[in-house]
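# Structure assessment
In case you want the letters, here they are:
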Amino acid sequence: MSPALAAHPSALVQPAPGDFVRVGVCAEATRANMDGIANIGFILGRTGVAVIDPGGSLTDGQRLRASIRATTDLPIRYVIMTHAHPDHVFGARAFLPDHPVFIGHWRLPAALANREAYDHARLAAVLGEAATGGPVIPTLLVHDTLSIDLGGRVLALTAYGAAHTDTDLTILDQRTATLWAGDLLFAGRVPALDGNLTGWLHVLDQMAGVAAVRAIPGHGPDAVPWPAGADDERRYLTVLLHDVRAAIASGQDIDSATAQAGRSEERRWALFDAYNGHNVTVAYKELQWE
Amino acid sequence: MGMNARLRLAASFGAACLAANLGMARAAESEASRAARWHDVAAAIFSHRPITENSDLLHLEAPPRALDAALVPVSITIGPSARIVALTLVVDDNPAPVAAKFAFGTLADPHLVKTRIRVDQYTLLHAVAELQDGSLVSTSRFIKAAGGCSAPGGTDPAAALARIGRMKLHLLAAPVPGMPVEAELLISHPNANGMQMDPVTRLYTPARYVQSVQVSQGGQSVFTMQGDISLAEDPEITFGFRPSGTAPLDVVVDDSAKTVFRQSFPLAPHGS
């Protein structure tokens, strides 16, 4: 077994029958984990498979594809990308031989085109050129909602306004009442804000009404109870909103705000220092115009 | 620096802001090549005038590792004894290295200037002050950041355009005529550098950026700033000034699309 695989929690888990999750490691991308840091997986229907997030690199995508092939011979009909971040989509090209339909948020094609050179350079510097891979531009776009059928298994896809990113998409597996939340849901690992803070809190309200009993977070364990599993994230985002608003109201500039806002959450999250300052910056930029 | 000089500089450094991998390669650059670059950039901007490094007189503060390459807060403090007339902020490795040039007027108290910049790659940042006697002094700082020029983000360009030209002024203390006071000016402007893609049309958003910001009170200048694409979206300037009387503070912003935005901010009388 190669060191890359050994360092990797490659075993699939099934939080619900037919919902297969490969839990990502809680770390930044390294050559050892091959950017297998996000929760990715697939849903198995009677007539085919839908991949939900093809992985963080070509290597990561190939590993997921091998796991699927070890599970079923049914065709991989769909590859659904929950948003534009590389740790979720750079494995997409591993699935090109299967000729699936690639699905994403209506803004995803532009976001991928805009980000790709930058994300590729950053990731290739860590993983090496050959292993990096890249996204595939989706051809089936979700403007609001869309249903796909895997054979007696209907998946309800929903596209949202700017929240974690401006390309967020969720998938509800109606048969098991399992919500694949992508990075709209972080559990354990500190949420990363790359979209709109007030928008994200609004989207969490929308998602709370989804008829699911569990959700699969984009980062965290294979599943958390729904909607209670979003409580920690909502608290963090609310603290961030409150602290950054207070910093702006008291005339604090952006650099002292980054040092202070959200600090009360420090001990509650993994990788807090790697993201909180960035989150404060993004939130400040948004909230300074309220 | 005029548009032509900016374009010349951009051309001479290969410009390709989108080639982030270039930035990665440059991360490994030696100190010697950084010094050589600064030599070239400084010669182009200041027409070969001698520049003396003086980090006692001039202090430059910036995060060593940027949290967000598209918004790097920078703060320059100038020693109380120094009499400066102009201040230039240079991001050596950006496609357009001059981020801002301030010319201070009679009401300025030029001992603190803050702004927010974009940083496209690991780079030296220079502040160069022109003293009353015409001499130039500089200080520098190294920043680790990448992708500020083309850095992807969740910003909605339509929302940014809807807000364009909106301004906010925040005084950090109550103004007293003749006494120095700090103020923060915030200008809503995409400051688009032509390197971001419009998510709807998938065409590159044409460059549209703030070219000048003039702040004055009762016809007396506080400062004029010439900006460029290296300023962050929604340009922010913190500055010091000595209010003269109670006239409002007038702000005039010109952008590269030949649009002029004006706003007057009344200065609330102290103690009322």
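Residues numbered from 1 in each chain as written. Chains lettered and ligands numbered in written order. Predicted model: local features only at pLDDT ≥ 70, side-chain atom pairs only at ≥ 80, totals over all residues. Heavy atoms only, no water.

### Details of the environment of Leu-204 of chain A
All names here are of chain A.
- As for its position among the elements, Leu-204 is in helix α6 (residues 197–208).
- Note on Leu-204: relative accessible area 1%, which makes it buried.
- Residue contacts for Leu-204: discarding those within four places in its chain leaves Leu-184, Ala-230, Glu-233, Arg-234 and Leu-237. (Helix = DSSP H or I, 4+ residues; strand = E, 2+ residues; numbered from the N terminus. Buried < 20%, exposed > 50% of the residue type's maximum accessible area, 1.4 Å probe, protein only. Contact = heavy atoms within 4.5 Å.)

### With respect to unusual backbone geometry
- Geometrically, the link from Trp-226 of chain A to Pro-227 of chain A is a cis peptide bond, its omega value of 10 degrees lying close to zero.
- If you check the backbone angles, Asn-191 of chain B has positive phi at about 45 degrees while not being a glycine.
- Counting through the fold element by element, Asn-191 of chain B comes out in the loop between β10 (181–187) and β11 (210–217).
- For Asn-191 of chain B, a relative accessible area of 0% translates into the label buried.

### Side note on the packing of aromatic side chains
Residues and elements named next belong to chain B.
- Following the criterion strictly, the structure yields eight aromatic pairs over all chains and no others.
- A centroid spacing of 4.9 Å and a plane angle of 65 degrees characterise the contact between Phe-223 and Phe-239, whose relative ring orientation is edge-to-face. Here the residue Phe-223 occupies a position in strand β12 (residues 220–227), and Phe-239 occupies one in strand β13 (residues 236–241), the gap between them amounting to 16 residues.
- Its relative accessible area of 3% is what places Phe-239 among the buried residues.
- Taken together, the ring pairs connect Phe-102, Phe-104, Phe-223, Phe-239 and Phe-241 into an aromatic cluster. (Phe/Tyr/Trp six-rings, centres within 6.5 Å; stacked < 30°, edge-to-face > 60°.)

### Here's the deal with the packing of helix α7 (residues 231–249) of chain A against helix α9 (residues 272–287) of chain A
Residue and element names in this part refer to chain A.
- Look at α7 against α9: their axes get within 10 Å of each other, and the N-to-C directions meet at 55 degrees. As far as their axial angle goes, α9 and α7 are oblique. Judged by the twist between their axes, the crossing of α7 over α9 is right-handed. Within the contact between the two elements, α7 uses Tyr-236, Leu-240, Leu-241, Val-244, Arg-245 and Ile-248 and α9 uses Phe-272, Asn-276, Asn-279, Val-280, Ala-283, Tyr-284 and Leu-287. (Axes fitted to C-alpha atoms, helices over the stretch in contact; angles between N-to-C directions. Parallel < 35°, antiparallel > 145°, perpendicular 65-115°, else oblique. Left-handed = near helix turned anticlockwise from the far one by under 90°.)

### Considering the pairing of β10 of chain B
Residues and elements named next belong to chain B.
- Of all seven residues that make up β10, six are buried, and the element is covered over most of its length.
- Where β10 meets β13, six bridges bridge the pair, whose relative direction is antiparallel. Bridging across to β13, Leu-186 finds its partner in Glu-236. (Pairing = 2+ DSSP bridges.)

### Some thoughts on the confidence of the model for chain B
All names here are of chain B.
- For chain B, per-residue confidence averages 83 on the pLDDT scale, and 80% of positions sit at 70 or higher.
- Predicted confidence is poor over residues 1–27, with pLDDT under 50, and the contacts of this stretch with residues over four places away or in other chains come to 43 contacts.
- Overall fold confidence for the complex sits at a pTM of 0.86, while the interface term, ipTM, reaches 0.77. (pLDDT = per-residue confidence, 0-100.)

### Points about the pattern of salt bridges
Residue and element names in this part refer to chain A.
- According to the stated counting rule, one finds 24 salt bridges over all chains in the structure shown.
- Between Arg-189 and Glu-28 there is a salt bridge; the shortest N-O distance is 3.3 Å. On the criterion of sequence distance, the pair formed by Arg-189 in the loop between β11 (178–186) and α6 and Glu-28 in the loop between β2 (19–22) and β3 (40–44) is long-range, its members being 161 residues apart.
- Linking Arg-63 and Asp-60 is a salt bridge whose minimum nitrogen-to-oxygen distance equals 3.0 Å. One end of the pair, Arg-63, and the other, Asp-60, are both in helix α2 (residues 58–71), three residues apart, so they sit about a helical turn from each other. (Salt bridge = Lys/Arg side-chain N within 4 Å of Asp/Glu carboxyl O.)

### A word on the sheet that holds strand β14 (residues 249–255) of chain B
Residue and element names in this part refer to chain B.
- Strands sit in the order β1-β8-β7-β4-β5-β12-β11-β14-β15 across an open sheet of nine strands; the sheet is mixed. The open sheet has two edge strands, β1 (51–53) and β15 (260–265), and neither has a second partner. Sheet twist, expressed as the mean angle between neighbouring strand axes with direction ignored, is 20 degrees.
- In the sheet, β11 pairs with β14 via seven bridges, with the strands oriented antiparallel.

### Some remarks on α9 of chain A
- Along its 16 residues, α9 of chain A runs 21 Å from first to last C-alpha, staying within 8% of the 22 Å computed at 1.5 Å per residue.
- Within α9 of chain A, 13 of the 16 residues are buried, which leaves the element mostly enclosed by the surrounding structure. (Expected span 1.5 Å × (residues − 1).)

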